[in-house]
Amino acid sequence: MKEPRFLVVPQPGAKPLTSLPGVPLRRLGPTVIIILAAAYALYWLLARPAGEPAAGYVGQLFGGESILLLSIALVLISTLPQVEHVFGGIDHAAIWHRRAAITGTVLLLPHIELAANPEATSVGKTLAVIGISGLAALMAWAILPRWRTMVPARVRDLVLGLGSARPVRLVARLLGGYERWRGFHRLTGIFVAAGFFHGLLDASAFDAAPGLRWSYVAIGGVGLAFYAYRELLARHFLPHHDYQVDQVKAVAPDLVELSLAPLGKPLDFRPGQFAMIYLETKQGWQRHPFSMSGSARDQHLRITVKALGDHTTRLPDVVQPGMPAVVGGPYGRFDRHRGTEHQVWIAAGVGITPFLSWLRSLEGDLRESVHFFVTSAGPSPFAAEITSIAKDYPSLTVHLVDTAVDGRLTPEQVLAAVDSPPRKLSVFMGGPDPMLRQFRRTFRSAGVRTANIHREYFQWR
């Protein structure tokens, strides 16, 4: 079978900084992005050459800003540890990658409308079409998986009704699956390069203002250099960990737990982190990010997988003991030790996986006072294990919510069950995105500090 391409990053040995004087380290990355975008726009406005038409120049400015943001997006998916630190985890860096890429692509609309150059080269025009078409397709593919959270309920019902049409089902089949998305997503740098060279060839402002040209070259060059590093060099320098499947266990009708045995040095991770896992299956190598659900002290690596509609649906049928696996990472900063003395944990569905790792890794006393809410459609398959662990920790209170019997858990119910003031609470959440967004809004309104609300992000797309 075809071997996977390894693109993994080890955790540095030293514990990373969490803050700088006056600025939490996890906010440094987003702050730098905003400052860079604003400063670059200001530089374009100040460096406008005499005689350059205003509308055309503004259109070129939008093109320059687009290349800046797209280059930043390429840096953010380089998986370098330094990038992870200044965003509070690679999952948060991935969110800003998506924001920068989508914003950069949207800025191409006014660029196309305003920056027409009658002396544009045929090569430049061709490169522009390639870049814009590819980036537009990537943006649409990034938005489609989460369209339900972006449209009103009435429109959502209409779209769901159209979803049964044969053409729609055909498109969904062609675009469905993590592997197809990942393969196309790896072409991002090619499309950015096409747009970058289009700008070098056709931007009239560069002829009269060399400073604009060289700043543009520096910005685009950095992004493309990071892309080349990730695609061509990273796998030769960064280690990976070899495992084999030891056990495949169904813990619920749509939930499977895999146990992976190390074939060499095991992965060293902190409870709550996730890894990029390559699995050899009967249908070839598959790649997906999974949270570790086992103890960090265990030599075997345990992951809990829910059927999500892509290859994870078929795992019980296509994965067998003895099959090889490769693990890269770990990633993420979902760490209960970042919380305050009074904590709330909320796990919905497969969002329970990092919390299982926390519980299974507990050593000695649990110093924090914790209320752990576990909500699931039907009895949680981990209820017995969780309550058994809780017996050894008096400061851990478990609330099991069966939505089929008790109804959906609400943030108001959580706050009512906790006897600590909201300003002293830290909240850790894992579960469906719409639910966690609602909980976050309510907790903030109730007085929980924004910096004390933590969630795990599952979607790297």
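Since we're looking at a predicted model, the values are computed, not measured.

### Examining the overall build of the protein
Move 1: The number of helices and strands found in the protein is 18 helices and 13 strands.
Move 2: Looking at the protein residue by residue over its 461 residues, the buried ones come to 49%.
Move 3: In the protein, once contacts between residues fewer than 6 apart in sequence are set aside, the share between residues at least 24 apart is 77%.
Move 4: Surface summary for the protein: the accessible area is close to 22,300 Å², and the carbon and sulfur share equals 61%.

### Points about helix α18 (residues 433-446)
Move 1: With 14 residues, α18 ought to run about 20 Å at 1.5 Å a step, and its terminal C-alpha atoms sit 20 Å apart, in line with that.
Move 2: Once α18 ends, the next one or two residues include glycine 447, with phi positive near 115 degrees.

### Thoughts on helix α15 (residues 383-390)
For the α-helix, the turn length of 3.6 residues means that residues three or four positions removed from each other point alike.
Move 1: Among all positions of α15, only Ala383, Ile386, Ile389 and Ala390 are buried. Buried residues of α15, viewed axially, fall in a sector of 135 degrees; they line one side.
Move 2: Tucked into the core, α15 has its buried residues touching α14 (353-360), β10 (369-376) and β11 (396-402).

### Some words on the pairing of strand β8 (residues 324-331)
Move 1: Counting buried positions along β8 gives seven out of eight residues, so the element sits mostly inside the fold.
Move 2: Both strand β3 (residues 241-252) and β8 contribute to a ladder of four bridges, which runs antiparallel. Looking at the pairing, aspartate 242 lines up with valine 326 of β8.

### Here we look at the side chain of threonine 105
Move 1: Inspection of the secondary structure assignment puts threonine 105 in helix α4 (residues 90-106).
Move 2: We classify threonine 105 as buried; its relative accessible area is 8%.
Move 3: Within the structure, the side chain of threonine 105 is placed 2.8 Å from the backbone oxygen of alanine 101, a separation counted as a polar contact.
Move 4: Those residues in contact with threonine 105, other than ones at most four positions away along the chain, are Ser66, Leu70, Leu135, Ala136 and Met139.

### Looking at the pairing of β3
Move 1: For β3 and strand β4 (residues 255-262), the ladder comprises eight bridges, and the chain directions are antiparallel. Residue pairing for β4: valine 245 is matched across the bridge by leucine 260.

Procedures and definitions
Residues numbered from 1 in each chain as written. Predicted model: local features only at pLDDT ≥ 70, side-chain atom pairs only at ≥ 80, totals over all residues. Heavy atoms only, no water. Helix = DSSP H or I, 4+ residues; strand = E, 2+ residues; numbered from the N terminus. Buried < 20%, exposed > 50% of the residue type's maximum accessible area, 1.4 Å probe, protein only. Contact = heavy atoms within 4.5 Å. Areas by Shrake-Rupley, 256 points an atom, 1.4 Å probe, with all protein chains shown as cover. Expected span 1.5 Å × (residues − 1). Arc of directions from axis to C-beta. Pairing = 2+ DSSP bridges. Polar contact = N/O pair within 3.5 Å; in protein donor to acceptor, adjacent residues only side chain to side chain.

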